[in-house]
Amino acid sequence: MSSSSSGLVGAHEIRIRLGGVSRQRVHQITHYSHFPKPVADLEQGKVWRAEDVEAWILVHRPKNRLRQP
């Protein structure tokens, strides 16, 4: 799923934005009470608004924020 065309990201895109952390680590992070709530729970997984995830990263993981294309 491309965040540039839809404004949505899945776990894989979150992994990339966090500098390539493991799938298990993304699962832990996305279950934090302060992590943004997903906007949908699709058959292939949950999706979040890209801007919500970016805002969370700026506050909680500023060193892991990657430049977006």
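Notes on the structure in this doc start here. (Residues numbered from 1 in each chain as written. Predicted model: local features only at pLDDT ≥ 70, side-chain atom pairs only at ≥ 80, totals over all residues. Heavy atoms only, no water.)

## Observations regarding the overall build of the chain
Consideration 1: Counting secondary structure elements, the chain contains 4 helices and 3 strands.
Consideration 2: In the chain, buried positions account for 29% of the 69 residues.
Consideration 3: When contacts within the chain are restricted to residue pairs at least 6 apart in sequence, those whose partners lie at least 24 apart make up 51%.
Consideration 4: Surface exposure of the chain reaches about 4,800 Å², of which carbon and sulfur atoms provide 52%. (Helix = DSSP H or I, 4+ residues; strand = E, 2+ residues; numbered from the N terminus. Buried < 20%, exposed > 50% of the residue type's maximum accessible area, 1.4 Å probe, protein only. Contact = heavy atoms within 4.5 Å. Areas by Shrake-Rupley, 256 points an atom, 1.4 Å probe, with all protein chains shown as cover.)

## Examining the nonpolar core
A general feature of soluble globular proteins is that nonpolar side chains tend to end up buried together.
Consideration 1: Residues Val9, Ile14, Leu18, Val21, Val26, Ile29, Phe35, Trp48, Ala50, Val53, Trp56 and Ile57 constitute the largest nonpolar core, which totals 12 residues.
Consideration 2: Taken together, the elements giving at least two residues each to this core come down to helix H3 (23–30) and helix H4 (50–60).
Consideration 3: The leading source of residues in this core is H4, at 4 residues.
Consideration 4: If we skip the residues at most four places from it in the chain, Trp56 touches Leu18, Ile29, Tyr32, His34, Phe35, Pro36 and Arg61. (Core = buried A, V, L, I, M, F, W, Y, C linked by side-chain atoms within 4.5 Å.)

## So, the environment of Ser6
Consideration 1: Structurally, the position occupied by Ser6 is in helix H1 (residues 3–6).
Consideration 2: Here Ser6 falls in the partly exposed class, since its relative accessible area comes to 39%.
Consideration 3: Between the C-alpha atom of Ser6 and that of Ala50, which follows or precedes it by 44 residues, the distance is 8.8 Å.

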